[in-house]
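# Reading the structure
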Amino acid sequence: MIPIHRDLAAHSFYHLEHVGLQGKACQGLACFLARQADPARWANPVQDPAPVYCLGQCYQAPASHGNTTPPYCEVHAEETVLLGNVVAGGVRHLEHYLAGGGGAGLRQALTLGPQAVLQALDESGLRGRGGAGYPAGAKWRKVEQQHAARKYVVANADEGDPGAFSDRMLMEADPFRLIEAMLIAGVTVGATHGIIYLRKEYDGAATVLRDALAQAYAAGWLGHQVAGSAHCFDLELVLGHGSYLCGEETAMLNAIEGRRPEARLRPPQITDHGLEGAPTLVNNVETLCAIPWIMQHGAARYAALGTAGSTGTKLLSLSSLFRRPGLYEVEFGISLRTIVEMLGQGVRHGRLTGLMVGGPLAGLLPPSQFDTLLDYRAMQAAGGAVGHGGVLAVTDATSIAQLLAHVFRFGAVESCGKCTPCHLGSPELARMATQAVAGQRGDGQRWRALVEALAATSLCGHGRGLAEFAQSIARHYPEELASCFI
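Rules used in this analysis
Residues numbered from 1 in each chain as written. Predicted model: local features only at pLDDT ≥ 70, side-chain atom pairs only at ≥ 80, totals over all residues. Heavy atoms only, no water. 1 Å grid on protein atoms, 1.4 Å probe; cavity = no way out; pocket = protein on both sides within 12 Å on 5 of 7 lines; lining within 4 Å. Points joined across faces, edges and corners; volume = space filled by probe spheres on them. Domains from an automatic or database assignment. Contact = heavy atoms within 4.5 Å. Buried area = accessible area lost by both parts, 1.4 Å probe. Salt bridge = Lys/Arg side-chain N within 4 Å of Asp/Glu carboxyl O. Buried < 20%, exposed > 50% of the residue type's maximum accessible area, 1.4 Å probe, protein only. Helix = DSSP H or I, 4+ residues; strand = E, 2+ residues; numbered from the N terminus. Pairing = 2+ DSSP bridges. Arc of directions from axis to C-beta. Core = buried A, V, L, I, M, F, W, Y, C linked by side-chain atoms within 4.5 Å.

## Description of empty space enclosed by the protein
Per the counting criterion, the structure on display carries four cavities of 30 Å³ or more. One number sums up the size of the largest cavity: a volume of about 70 Å³. As for the largest cavity, its lining consists of 13 residues, of which Ser-415, Cys-416, Cys-419, Cys-422 and Cys-460 are closest to the centre. Here the second largest cavity is characterised by a volume of approximately 50 Å³.

This is how it looks when you write it as structure tokens:
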């Protein structure tokens, strides 16, 4: 257990540390886009001094805390890698998980040894599902190769992108899959301690995970002699206090250490010098949850799914503006048009003007780009991103100016303040977009200069992501943007 002695500077950072979630309404982008569905509910959070930007209920937006209705879930892939237990209604008891084949991946990893596991990850082609898409095997190998007395494995469960709820459902309905994956990671890279860093807004997942961890310790899965082996691995749950920036891995490590959760300068990389200065492996929940399946069924079977450069399956969270919102498991290579028309079955009301995949810092793609394939390279070439897999429908009920204003207000509130372009630039861009909503045309040259500064000099992906969002608007919606500025 890492003793957390929080710096005084950290207390002023969080907006939910001493705030209860009961009665909270969501201010996230999915809820903003669906605000006309329930204007009264949307009116409440706008005045809230302690905002909540995603409750993981984007399928029933505008959302409020306390609604536990699960999303519609469906698999559209040749193999079900991630959602098998979720679609079946959930597996929250270890004996049921084991009876259904759970634990086979861990047994295989213990039998094969670290090098064979790393080779399997390389051959599977698995890439990180948290946004950057970095090859999982390469990241694991960097930590395994470090000679250190102590190493860590951290599950980034700070699913803060408004529009995504896939990690929430994996943790609430299939917690032992995550635990098994972290055990495989610990055994492979030589770590003896793991942490699940969970956002405060997911209090339902916290309850499930605490119970699952207790069961895993009682059964000998965790602690000394993992699953009867010579390996030791302890795993604990650490709760956040309200910060989108804690989804950035270095800020998250600072938060776990009790320091102000600002993004760190790199190098050094966290695979060399991470949590408490030790080599640290960080993956998000969806990435980790694919590992047991790969170990049980083989890398070749996983690599046969998807496309050559984007193998496997991806979870997509479709927002409430679709006729059939919910959580879908798809293979890479599906087109955005198929996602809209076959999975989502179009939008409930109005005209679909754009699609945002991967969260509020991803690009907005117009209907002319809907033949783009869900593939890391293809999405990047189109000016979008795979990201976390949130799929937000934007309709003619929301203007481009309104969308810009909301995204930059969110960006300004959630900036960690470490670098000047993001700390000062994002609120200025929010102010200019808000003025445009009110009909006051701003200085277009100044807007472009601020966006360029964000793109070129931001310390982390928060500022750069805001810039990429603004640049996608300029690329795909030039007339609408031109109407906002002189």
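## Here's the deal with the domain arrangement of the protein
With domains assigned, the protein is organised as domain 1 (79–304) and domain 2 (307–395). Between the C-alpha centres of domain 1 and domain 2 there is a distance of 26 Å. Listed per partner, the contact involves 29 residues of domain 1 and 24 residues of domain 2. Summed over both sides, the interface of domain 1 with domain 2 buries roughly 2000 Å², with 56% coming from carbon and sulfur. Sorting the residues of domain 1 by area buried against domain 2 places Leu-83, Arg-129 and Phe-165 first, and these three jointly supply 26% of that buried surface. Across the contact surface, domain 1 and domain 2 share one salt bridge.

## Considerations on helix 6 (residues 104–112)
Think of an α-helix as turning once every 3.6 residues; residues three or four places apart then point the same way. Of all the residues in helix 6, the buried ones are Ala-104, Gly-105, Leu-106 and Ala-109. Of the surrounding elements, those touching the buried residues of helix 6 are helix 7 (114–124), helix 10 (175–189) and helix 13 (285–297). One or two residues past the end of helix 6 sits Gly-113, with phi positive at roughly 95°.

## As for the pairing of strand 3 (residues 193–198)
Judged by how many residues are buried, strand 3 sits mostly within the fold: six of six residues are covered. With burial as the criterion, each face of strand 3 is covered, one bearing His-193, Ile-195 and Tyr-197 and the other bearing Gly-194, Ile-196 and Leu-198. By the bridge criterion, six bridges tie strand 2 (residues 152–157) to strand 3 in an arrangement that is parallel. Residue Tyr-152 lies in a different strand from strand 3, and its bridge partner there is His-193. For strand 3 and strand 4 (residues 234–239), the ladder comprises six bridges, and the chain directions are parallel. The residue of strand 4 that forms the bridge with Tyr-197 is Val-238.

## A word on the side chain of Thr-188
Inspection of the secondary structure puts Thr-188 in helix 10. The class of Thr-188 is buried, set by a relative accessible area of 2%. Apart from the residues lying within four places of it in its own chain, the contact partners of Thr-188 are Pro-114, Val-117, Leu-118, Trp-140 and Glu-144.

## Details of the pattern of salt bridges
Here the structure, examined in full by the defined rule, presents 19 salt bridges. Taking the shortest distance from any N to any O, the salt bridge between Asp-396 and Arg-351 comes out at 4.0 Å. Highlighted residues: Asp-396 in the loop between strand 10 (390–395) and helix 17 (400–414) and Arg-351 in the loop between helix 15 (336–343) and strand 8 (352–357), separated in sequence by 45 residues. A single network of salt bridges, built from pairs that share partners, joins Lys-139, Glu-248, Glu-249 and Arg-266.

## Some points on helix 8 (residues 136–144)
What helix 8 keeps buried is the set Ala-136, Gly-137, Lys-139, Trp-140 and Val-143. Down the axis of helix 8, the buried set is contained in an arc of 165°. They therefore lie on one face. Of the surrounding secondary structure, the elements contacted by the buried residues of helix 8 are helix 7, helix 10, helix 12 (249–256), strand 5 (280–284) and helix 13.

## Thoughts on the pairing of strand 8
When you tally the buried positions in strand 8, you get six out of six residues, the bulk of the element. Strand direction decides the pairing type here: strand 8 and strand 10, joined by five bridges, are antiparallel. In the sheet register, Leu-352 faces strand 10, and the bridge partner there is Thr-395. Of the pairings in the sheet, the one linking strand 8 to strand 9 (residues 364–365) comprises two bridges and is antiparallel in character. In the sheet register, Leu-355 faces strand 9, and the bridge partner there is Leu-365.

## Examining the nonpolar core
Looking at soluble globular proteins, one finds that nonpolar side chains tend to be buried together. In terms of nonpolar packing, the biggest core is built from 144 residues, with Trp-140, Leu-178, Ile-179, Phe-408 and Trp-447 touching the most fellow members. Ranked by residues supplied to this core, first place goes to helix 10 with nine residues. Three or more residues apiece are contributed to this core by two domains, here domain 1 (79–304) and domain 2 (307–395). The contacts of Ile-179, once residues within four sequence positions are left out, are Ala-212, Leu-213, Ala-216, Trp-221, Leu-222 and Leu-235. Among the nonpolar cores identified, the runner-up in size contains 21 residues, and Val-154, Leu-253, Ala-263 and Ile-270 belong to it.

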